[in-house]
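# Notes for the structure review
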Amino acid sequence: MEDFEHSTCRNNYCNISSQTVSVEIQKVSHIQKHDWLIYILQKLFWITTGFQSLIALDRLLHLSLRLFGPKYNPPSMNPKLMANNYPLVTVHLPMYNETAFCQSIIDCVCNLDYPKNRLYVRVLDDSTDKRTIDLVNKSVKLWRRRGIQIDIQRRILRHGFKAGSLNEAMLYTRGAEYVAIFDVDFLPEADFLLRTIPSLIANPDAAFVQTRWTFTNEKESFLTRMQEISLNYHHKCEQEARCRASFFMNFNGTAGVWRISAIEQSGGWNTDTLVEDLDLSLRAYLNGWISIYLSDVECQNELPPTFAAYLSQQHRWTTGPVQVLRKLIGQ
């Protein structure tokens, strides 16, 4: 009987001991998991802090250059030049099913204050929408009757999208020295060419002139207001600072004028990235060309009014630079 009781006590003690050990193991395991979680959070914190510090330093650098760097004073067009002595300029207007804007940009460009015999407009219309095609045809015929040199380029296959359209249009520049590019929702001022071309004439090493974007709908919503703040920093501070310091500055895809020889010498518009403007700007910079930013020359456009349109734009602006970086590393 005593042996039985002793055996029972021993078994109970063993069970209690095993349960205690099991509990302790679970506690240790929990502590280890907790430690790993703290470790991961600490790493994420330091990585985030590092990125934020780099962004802060980058902004401080641009702000310093913007405030203290030498300001570029653009030359003006010599008013004594006769009309036939003005350089020949072609204007490219890439568009795709932009029913709301297709006529306004054509009207705006055809009203530019520049000798009409030295200006050639080419509408790069990849539209598939019949109404848009009809509106473009109507505007082009109207301005052609008014003496404007204007043509339409239409492609059966939209290979390369905007870049492919711009690349094909380079075959029809009619011997022009410079090409101005405007997206369909941009509205340049009448004196746009008179204020940009002189900088290219005075600086033969300049590949392009970029002008500042302003907006027609910045007060429409909280979304457009936030976009305006972000883009104003890019244009008023970042682009201006890079120009003053002679750093690399990319063409923003529109509202600018390129030297055609710089495009050709740099290899033309490539279709292998979503940001053909950044890609060409970088190749031109690596080939020794400089760029000019004119903050006093403004070109109005419309900000994406919906969140879906904004996300689409940001996806393109985020994915494209990564493609350019991979392309650069691959070379």
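Look a little higher up for the structure.
The following refers to the structure shown.

Cut-offs and rules
Residues numbered from 1 in each chain as written. Predicted model: local features only at pLDDT ≥ 70, side-chain atom pairs only at ≥ 80, totals over all residues. Heavy atoms only, no water. Helix = DSSP H or I, 4+ residues; strand = E, 2+ residues; numbered from the N terminus. Buried < 20%, exposed > 50% of the residue type's maximum accessible area, 1.4 Å probe, protein only. Contact = heavy atoms within 4.5 Å. Pairing = 2+ DSSP bridges. Axes fitted to C-alpha atoms, helices over the stretch in contact; angles between N-to-C directions. Patch = residues over 30% accessible without salt bridge, like charges linked within 9 Å, V, L, I, M, F, W, Y side chains within 5 Å. Areas by Shrake-Rupley, 256 points an atom, 1.4 Å probe, with all protein chains shown as cover. Salt bridge = Lys/Arg side-chain N within 4 Å of Asp/Glu carboxyl O. Phe/Tyr/Trp six-rings, centres within 6.5 Å; stacked < 30°, edge-to-face > 60°. Parallel < 35°, antiparallel > 145°, perpendicular 65-115°, else oblique. Left-handed = near helix turned anticlockwise from the far one by under 90°. Nonpolar A, V, L, I, M, F, W, Y, C, P; charged D, E, K, R; others polar.

### As for the overall build of the chain
The helix and strand tally for the chain stands at nine helices and eight strands. By residue count, 41% of the 331 residues in the chain fall in the buried class. Pairs at least 24 apart in sequence give 81% of the contacts found in the chain among residues at least 6 apart.

### Considering the environment of Trp269
Tracing the chain through its elements places Trp269 in the loop between helix 7 (260–265) and helix 8 (276–286). In this structure Trp269 comes out as buried when scored by relative accessible area, which is 3%. In sequence terms Trp269 and Ala163 are 106 residues apart; their C-alpha atoms lie 5.7 Å from each other. Residues contacting Trp269, with those up to four places away along its chain left out, are Ala163, Leu166, Asn167, Met170, Ile181, Phe251, Trp258, Ile263, Glu276, Asp277, Leu280 and Arg283.

### Comments concerning the environment of Pro74
Mapped onto the secondary structure, Pro74 falls in the loop between helix 1 (2–68) and strand 1 (89–95). Using a relative accessible area of 40% as the deciding quantity, one classes Pro74 as partly exposed. Separated by 121 residues in sequence, Pro74 and Arg195 have C-alpha atoms that sit 8.0 Å apart. Setting aside its immediate chain neighbours within four residues, Pro74 contacts Ser199 and Leu294.

### Remarks on the sheet that holds strand 4 (residues 178–181)
With mixed pairing, eight strands are arranged side by side in an open sheet as 3-2-1-4-7-6-8-5. In this open sheet, the two strands that pair with only one neighbour each are strand 3 (149–153) and strand 5 (187–188). As defined by bridge partners, strand 6 (residues 206–215) adjoins strand 7 (residues 256–259) across three bridges and the pair is classed as antiparallel. Across the sheet, residue Val209 finds its bridge partner in strand 7, namely Val257. Contacts from helix 3 (residues 130–145) reach strand 1, strand 2 (119–125) and strand 3, with the element oriented near 160° to strand 3.

### Remarks on the pairing of strand 8 (residues 290–301)
Of the pairings in the sheet, the one linking strand 5 to strand 8 comprises two bridges and is antiparallel in character. By the bridge assignment, Leu187 is partnered in strand 8 with Gln300.

### Some words on a nonpolar patch on the surface
A surface patch of nonpolar side chains, amounting to about 320 Å² of accessible area, comprises Phe222, Met226 and Ile229. Inspection of the secondary structure assignment puts Ile229 in helix 6 (residues 222–244).

### Brief notes about the packing of aromatic side chains
Tallying each qualifying case throughout the model produces nine aromatic pairs. Aromatic side chains Tyr86 and Tyr114 sit 5.6 Å apart centroid to centroid with 80° between the ring planes, which places their arrangement in the edge-to-face category. Of the two residues, Tyr86 is situated in the loop between helix 1 and strand 1 and Tyr114 in the loop between helix 2 (102–110) and strand 2; the sequence distance between them amounts to 28 residues. Classification of Tyr86 as buried rests on a relative accessible area of 11%. When the centroid spacing of 5.0 Å and the interplanar angle of 70° are considered together, the rings of Phe182 and Phe192 count as edge-to-face. You can see Phe182 sitting in the loop between strand 4 and strand 5 and its partner Phe192 sitting in helix 5 (residues 192–202), a full ten residues away along the chain.

### Re the packing of helix 2 against helix 3
It is at 9 Å that the axes of helix 2 and helix 3 come closest, and there the two elements cross at 20°. The angle between helix 2 and helix 3 falls in the class roughly parallel. Note on packing geometry: the crossing formed by helix 2 with helix 3 is right-handed. Here Cys102, Gln103, Ile106, Asp107 and Cys110 of helix 2 lie close against helix 3, whose contacting residues are Thr132, Leu135, Val136, Lys138, Ser139, Val140 and Trp143. In terms of residue class, the contact of helix 2 with helix 3 is built from seven nonpolar, three polar and two charged.

### Describing the side chain of Glu228
Mapped onto the secondary structure, Glu228 falls in helix 6. According to the relative accessible area criterion, Glu228 is buried, its value standing at 10%. Residue contacts for Glu228: discarding those within four places in its chain leaves Phe215, Glu218 and Leu303.

### What to know about helix 8
Helix 8 sits mainly inside the fold: nine of its eleven residues count as buried. Where helix 8 is concerned, the buried positions are Glu276, Asp277, Leu278, Asp279, Leu280, Ser281, Leu282, Arg283 and Ala284. For helix 8, the elements touching its buried residues are helix 4 (161–169), strand 6, strand 7, helix 7 and helix 9 (307–330). Directly after helix 8, the chain includes Gly288, whose backbone phi takes a positive value near 100°.

### Focus on the pattern of salt bridges
Within the structure shown, the criterion is met by 15 salt bridges. A salt bridge links Arg155 to Asp126, with the shortest nitrogen-to-oxygen separation between them at 2.7 Å. Here Arg155 is found in the loop between strand 3 and helix 4, whereas its partner Asp126 is found in the loop between strand 2 and helix 3, with 29 residues between them in sequence. Judged by its relative accessible area of 13%, Arg155 falls in the buried class. For Asp126, the salt bridge is made with Arg158, and the minimal N-O distance between the two is 3.8 Å.

By themselves, these observations are geometric and do not establish any function.
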